[in-house]
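Notes for the structure review
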Amino acid sequence: MIPLSWLIALSAVVFTIGVVGVLVRRNALVIFMSVELMLNAANLAFVAFANHMKSLDGQVFVFFVMTVAAAEVAIGLAVITKNTNTWPSSDFMWFANATNARFAAFSMSSTDMKITSA
């Protein structure tokens with residue numbers, strides 16, 4: 001039998017890889033895969049604790065997390081494929097730059113409390 005600490009350590013490593021993938025990568029598909037890694041790491045921790053406590057509660061919760069993950073993948077991939085022609089690329093930096101440029105056009109001055117053009 002595999003010790004609980006090893007399973008939790010493996011879960012932590014997989015979750016960390018997912019977090020690094022979300023924070024470092026900019027491609028939409030890679031970000032979705034990294035989110036899936038994080039969800040699978042949480043599922044591994046749930047199953048490990050459920051097995052350790054001789055309970056089925058963690059495994060039932062894993063079933064619901066997997067259902068939500070499948071729905072997230074289906075909706076996320078549908079949005080990406082639908083907007084393939086309208087988005088410049090699957091790189092999310094263009095979206096961040098466009099959003100920052102839109103909000104940077106107006107700034108709120110604390111002294112006179114009026115909207116000024118940047």
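Being a predicted model, the structure only gives us computed values, none of them experimental. (Residues numbered from 1 in each chain as written. Predicted model: local features only at pLDDT ≥ 70, side-chain atom pairs only at ≥ 80, totals over all residues. Heavy atoms only, no water.)

**Details of the overall build of the chain**
In terms of regular secondary structure, the chain is built from 4 helices and 2 strands. Order of helices (α) and strands (β) in the chain, N terminus to C terminus: α-α-α-α-β-β. When contacts within the chain are restricted to residue pairs at least 6 apart in sequence, long-range pairs at least 24 apart make up 49% of them. For the chain, the exposed surface amounts to about 8600 Å²; the carbon and sulfur share of it is 73%. (Helix = DSSP H or I, 4+ residues; strand = E, 2+ residues; numbered from the N terminus. Contact = heavy atoms within 4.5 Å. Areas by Shrake-Rupley, 256 points an atom, 1.4 Å probe, with all protein chains shown as cover.)

**Notes on the packing of helix α2 (residues 28-52) against helix α3 (residues 57-82)**
Two elements in contact, α2 and α3, have axes whose closest approach is 9 Å; the angle formed by their N-to-C orientations is 175°. Taken together, the axis directions place α2 and α3 in an arrangement best described as roughly antiparallel. Residues A28, L29, F32, V35, E36, L39, N43, F46, V47 and A50 of α2 form the contact with α3, whose participating residues are G58, Q59, F61, V62, V65, M66, A69, E72, V73, G76, L77 and I80. Residue composition of the contact of α2 with α3, grouped by class: 16 nonpolar, 4 polar and 2 charged. (Axes fitted to C-alpha atoms, helices over the stretch in contact; angles between N-to-C directions. Parallel < 35°, antiparallel > 145°, perpendicular 65-115°, else oblique. Nonpolar A, V, L, I, M, F, W, Y, C, P; charged D, E, K, R; others polar.)

**A word on the confidence of the model for the chain**
In the predicted model, the chain carries a mean pLDDT of 81, and 73% of its residues have values of at least 70. Taking the mean pLDDT of every element in the chain, the minimum, 48, falls on strand β1 (residues 106-108) and the maximum, 96, on helix α1 (residues 4-24). Taken together, the stretch residues 104-113 has pLDDT below 50 and engages in 13 contacts with residues farther than four places along the chain or on a different chain. (pLDDT = per-residue confidence, 0-100.)

**Section: the packing of aromatic side chains**
Under the criterion given, the structure shown has 2 aromatic pairs. Ring geometry for F46 versus F61: centroids 4.7 Å apart, planes at 80°, classification edge-to-face. Linking F46 in helix α2 with F61 in helix α3, this pair joins segments that are 15 residues apart in sequence. Its relative accessible area of 31% is what places F46 among the partly exposed residues. Overall, F61 belongs to the partly exposed group, its relative accessible area being 42%. When the centroid spacing of 5.6 Å and the interplanar angle of 70° are considered together, the rings of F63 and F64 count as edge-to-face. (Phe/Tyr/Trp six-rings, centres within 6.5 Å; stacked < 30°, edge-to-face > 60°. Buried < 20%, exposed > 50% of the residue type's maximum accessible area, 1.4 Å probe, protein only.)

**Overview of α1**
Compared with the 30 Å implied by 1.5 Å per residue over 21 residues, the 30 Å span of α1 between its first and last C-alpha is a close match. For α1, the full list of buried residues reads L7, S11, G18 and G21. Burial along α1 is one-sided: seen end-on, the buried residues are contained in an arc of 85°. Those residues of α1 that are exposed and aimed more than 90 degrees away from the buried face are S5, W6, L23 and V24. For α1, the secondary structure elements touched by its buried residues are α2. (Expected span 1.5 Å × (residues − 1). Arc of directions from axis to C-beta.)

**Thoughts on unusual backbone geometry**
Despite not being glycine, K54 has its phi angle at roughly 55°, a positive value. For K54, the position within the fold is in the loop between α2 and α3. Assessed through its relative accessible area of 69%, K54 is described here as exposed.

**What about the environment of A28?**
Locating A28 in the fold gives a position in helix α2. In this structure A28 comes out as buried when scored by relative accessible area, which is 1%. Along the sequence, A28 and L77 sit 49 residues apart, while their C-alpha atoms lie 9.2 Å from each other.

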